[in-house]
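Notes for the structure review
The chain contents come next:
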Amino acid sequence: MTNSATTTTTQRRRRPARLTALAASGLGLLVGAAALLGAGPPAAADEAGAPAAGPGTTAHCSLPGRHWTAQARVDRARTERFAAYGNSGVGWTGGDSTYSVPLPGHRTVWLFSDTFWGLVNADLSRPTTVPFLNNSFVVERGGALRTVAGGTPEAPDSLVPPDEPGTWNWLGAGQATPASLDVMFLEFARTGPGPLDFGWRKNKLGRFDPDTLRLRDVVPMPSAAGVQWASWLLRSGGFTYVYGVEDLGLTKYMHLARVRGTDLASGRWEYWTGGTWSPTETDSARLMPGVANEYSVSRWRDGYLLVTQDTRELFSSRILAYVGCSPTGPFTEAATLYTTPETGAAGSYADADIFTYNAHEHPDLRRGDRLLVTYNVNSLDPNADLYDDVTIYRPRFVEVTLVPDRRG
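Positions within a chain are numbered from 1, following the residues in the order the chain's sequence is written. Predicted model: local features are reported for residues with pLDDT of at least 70 only, side-chain atom pairs are reported and counted for 80 or more only, and whole-chain, interface and lining totals are derived from all residues. Hydrogens and waters are ignored; side-chain quantities use all the structure's heavy atoms.

Things to note about the overall build of the chain
Using the following cut-off: Helix and strand definitions here come from DSSP, where helices need a minimum of 4 consecutive H or I residues and strands a minimum of 2 consecutive E residues; each element is numbered from the N-terminal end. For the exposure calls, accessible area comes from a 1.4 Å probe over protein chains only, and a residue counts as buried if that area is under 20% of its type's maximum, exposed if over 50%, partly exposed in between. Residue contacts are counted whenever heavy atoms from the two residues lie within 4.5 Å of one another. Where accessible areas are quoted, they stem from the Shrake-Rupley method and a 1.4 Å probe; at the residue level, only the protein chains shown are allowed to cover.
Across its full length, the chain carries 2 helices and 24 strands. The buried share of the chain, taken over its 408 residues, is 58%. Relative to all contacts within the chain whose residues are 6 or more apart in sequence, the contacts with residues 24 or more apart total 62%. Summing over all exposed atoms, the chain offers an accessible surface of approximately 15300 Å²; the carbon and sulfur share of this is 51%.

See the structure below:
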């Protein structure tokens with residue numbers, strides 16, 4: 001299953017837009033406004049037990065016993081760079097997910113799920129006829145941005161298009177391997193005529209040429225446990241840890257799998273049961289509740305840092321940091337990293353429909369203890385708001401310094 005790659009830069013002229021068959025009414029429903037999945041597998045307690053021993057784990061560390069202070073500020077340089085590019089109307093003009101992967105040649109590839117493409121009006125509204133894709137890349141290099149999509153400039157398409165009508169693919173975390181750029185994808189499908197009538201079906205892996213970013217292959221991934229294995233990828237101790245979410249709508253649980261090395265298509269996945277690793281996917285246990293569909297877990301100081309939007313409260317504006325001593329947890333809440341200013345009627349858009357979601361960190365773009373965190377902004381009325389104002393449906397970039405306070 002292959003697809004050609006289309007690239008645009010700010011130097012190219014605008015191309016004619018094409019009418020897409022996909023409506024924007026489904027944007028942002030990953031945040032859990034309704035239950036999209038049935039009951040998951042039987043699980044252990046909501047919190048994992050003792051940290052795992054063995055390669056890639058740290059049984060003891062200093063992080064959980066300390067008190068932490070977070071100071072945040074907007075990353076204005078990157079925010080303005082994406083705003084100027086999005087306003088230019090030459091490719092990507094807005095999207096969500098916002099994962100990043102470093103590639104050779106001093107490139108950072110930003111991975112987006114639902115994506116608006118093309119023309120932007122002078123008043124920063126967008127025509128209702130602009131193309132709408134379900135996944136795309138934006139490549140950042142030397143302060144310049146360009147969009148990579150499937151199809152052609154005249155008829156852009158998703159990088160991984162649907163296998164059949166009524167389905168689409170949202171992307172998740174990615175990683176660079178010696179041979180490819182590997183990105184996890186989630187296939188969703190319509191289940192009825194209503195705007196909430198859709199659900200997750202299966203996981204898959206998209207493999208891209210690291211130089212051209214053309215899609216080489218799509219490989220089926222484990223999907224038997226009702227877990228969306230795309231939230232985060234972590235390399236540690238000779239393993240690639242694959243974090244997922246069991247999405248029950250208003251309640252979401254973290255799950256964890258791993259493979260030795262970097263080949264996610266090896267077929268040799270192991271699943272954390274709460275006390276050991278099992279080769280059986282349905283043995284996967286719930287590590288903790290309250291994570292978002294997208295979050296991050298990364299090596300930090302002498303342990304691990306979890307960054308997630310707080311989903312224990314509906315449409316929360318809080319981005320939280322948790323710390324732990326093992327990839328398996330347990331993770332202890334450490335600090336509120338940031339409170340998103342856009343959310344709700346009292347937010348910066350003065351619109352009760354605006355919400356924020358799916359925050360995570362970008363460890364390859366850290367500067368010492370200064371973290372780069374992104375989150376997404378959306379509307380419960382996307383067919384009006386996202387066409388009236390192109391600035392809404394774009395990632396926000398925040399620099400956060402997280403340090404022990406005087407008590408720590």
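Read on, since the account is not over.
Looking at the sheet that holds strand E17 (residues 277-278)
We count it as follows: Whether two strands pair comes down to DSSP finding at least two bridges between them.
Read across the sheet, 5 strands follow the order E13-E14-E15-E16-E17 without closing on themselves; strand pairing throughout is antiparallel. In the strand order of this sheet, the two ends are held by strand E13 (228-236) and E17, each with one partner. Across 9 bridges, the pairing between strand E14 (residues 239-247) and strand E15 (residues 252-260) is antiparallel. Residue pairing for E15: glycine 244 is matched across the bridge by histidine 255.

Regarding unusual backbone geometry
Omega for the peptide link from glycine 329 to proline 330 comes to 0°, which places this bond in the cis form. Residue histidine 106 is not a glycine yet carries a positive backbone phi of 55°. The topology assignment puts histidine 106 in the loop between strand E3 (92-103) and strand E4 (107-117).

Notes on the pairing of strand E19 (residues 303-309)
Within E19, 7 of the 7 residues are buried, leaving the element largely enclosed by the surrounding structure. Sheet analysis places strand E18 (residues 296-300) next to E19, joined by 5 bridges and oriented antiparallel. Bridging across to E19, arginine 299 finds its partner in tyrosine 304. Counting the residues between successive antiparallel strands, the hairpin from E18 to E19 contains 2 residues, one of them, arginine 301, with a positive phi of roughly 50°.

Things to note about the state of the cysteines
Heads up, the rule is: Cysteine sulfur pairs qualify as disulfides if the two atoms are within 2.5 Å.
A complete count under the given rule lists 1 disulfide for this structure. In this model cysteine 61 forms its disulfide with cysteine 325; the gap between the sulfur atoms is 2.0 Å. The disulfide joining cysteine 61 to cysteine 325 has a torsion of about -80° about its S-S bond and is therefore left-handed. Taken as a pair, cysteine 61 in the loop between strand E1 (6-9) and strand E2 (68-74) and cysteine 325 in the loop between strand E20 (318-324) and strand E21 (332-339) lie far apart in primary sequence, 264 residues in all. Neither residue differs from the other here; cysteine 61 and cysteine 325 are each classed as buried.

So, the sheet that holds strand E24 (residues 396-404)
Rules: In this analysis, axes come from line fits to C-alpha atoms, helices being fitted only over the stretch in contact, and the angle between any two N-to-C directions falls in the range 0 to 180 degrees.
Judged by pairing direction, the sheet is antiparallel, and its 4 strands sit side by side in the order E2-E24-E23-E22 without closing on themselves. Pairing within the sheet leaves two strands with one partner each, and these edge strands are E2 and strand E22 (354-361). The mean inter-strand angle of the sheet, taken between neighbouring strand axes irrespective of direction, is 30°. Pairing of E2 with E24, which is carried by 7 bridges, proceeds in the antiparallel orientation. When the sheet's bridge partners are listed, valine 74 is paired in E24 with valine 398. Along the sheet face, helix H1 (residues 76-88) touches E2, strand E23 (370-379) and E24 and points at about 165° away from the line of E24.

Let's talk about the layout of surface pockets
A probe as big as a water molecule, rolled over the atoms, marks out the empty space that is left. Selection rule: In this analysis, the protein atoms alone were mapped onto a 1 Å grid. Cavities are point sets where a 1.4 Å probe fits without being able to get out; pockets are open sets with protein on both sides within 12 Å along at least five of seven lines; lining residues have an atom within 4 Å of a point. Grid points are joined across faces, edges and corners, and a volume is the space filled by probe spheres set on the points.
Its boundaries defined by the atoms lining it, the largest pocket holds a volume of some 410 Å³. Together, 20 residues line the largest pocket, and Pro102, Gly174, Leu233, Pro363 and Asp364 are the ones closest to its centre. Those elements that place two or more of their residues in the lining of the largest pocket are E3, strand E9 (167-176), E13 and E18.

A few points about the side chain of lysine 204
Structurally, lysine 204 is set in strand E11 (residues 198-208). For lysine 204, a relative accessible area of 4% translates into the label buried. Once residues within four sequence positions are removed from consideration, lysine 204 is found in contact with Asp163, Asn169, Val183, Met184, Phe185, Glu187, Val218, Val219 and Met221.

Focus: the pattern of salt bridges
A side chain with one charge may pair with a side chain of the opposite charge, provided their charged atoms come close. What counts is decided by this rule: Salt bridges, as used here, are contacts in which a Lys or Arg side-chain nitrogen is within 4 Å of a carboxyl oxygen on Asp or Glu.
Considering all chains together, one arrives at 22 salt bridges under this definition. In this structure, arginine 312 engages glutamate 333 in a salt bridge whose closest nitrogen and oxygen atoms are separated by 3.2 Å. On the criterion of sequence distance, the pair formed by arginine 312 in the loop between E19 and E20 and glutamate 333 in strand E21 is long-range, its members being 21 residues apart. Taken together, the shared-partner salt bridges in this structure form one network comprising Asp163, Glu164, Glu187, Arg201 and Lys204.

Examining the nonpolar core
Put simply, the rule is: Residue types Ala, Val, Leu, Ile, Met, Phe, Trp, Tyr and Cys, when buried and joined through side-chain atoms within 4.5 Å, form a set referred to as a nonpolar core.
By size, the foremost hydrophobic cluster in this structure holds 60 residues, and its most contacted members are Phe137, Met184, Phe208, Tyr243, Met254, Trp269 and Val297. Counting residues per element, this core draws most heavily on strand E10 (residues 181-190), which supplies 6 residues. Beyond its immediate sequence surroundings of up to four residues, phenylalanine 137 is in contact with Val109, Trp110, Leu111, Arg146, Thr147, Val148, Leu159, Leu171, Leu181, Val183, Phe208 and Leu213. Membership of the second largest hydrophobic core comes to 32 residues, among which are Cys325, Ala334, Ala359 and Ile392.

Here's the deal with the confidence of the model for the chain
To keep things clear, this is the line we draw: pLDDT measures the predictor's confidence residue by residue and takes values from 0 up to 100.
Across the chain, the average pLDDT comes to 87, with 85% of residues at 70 or higher. pLDDT under 50 marks residues 1-58. Its contacts with residues more than four places away, or in other chains, come to 190 contacts.

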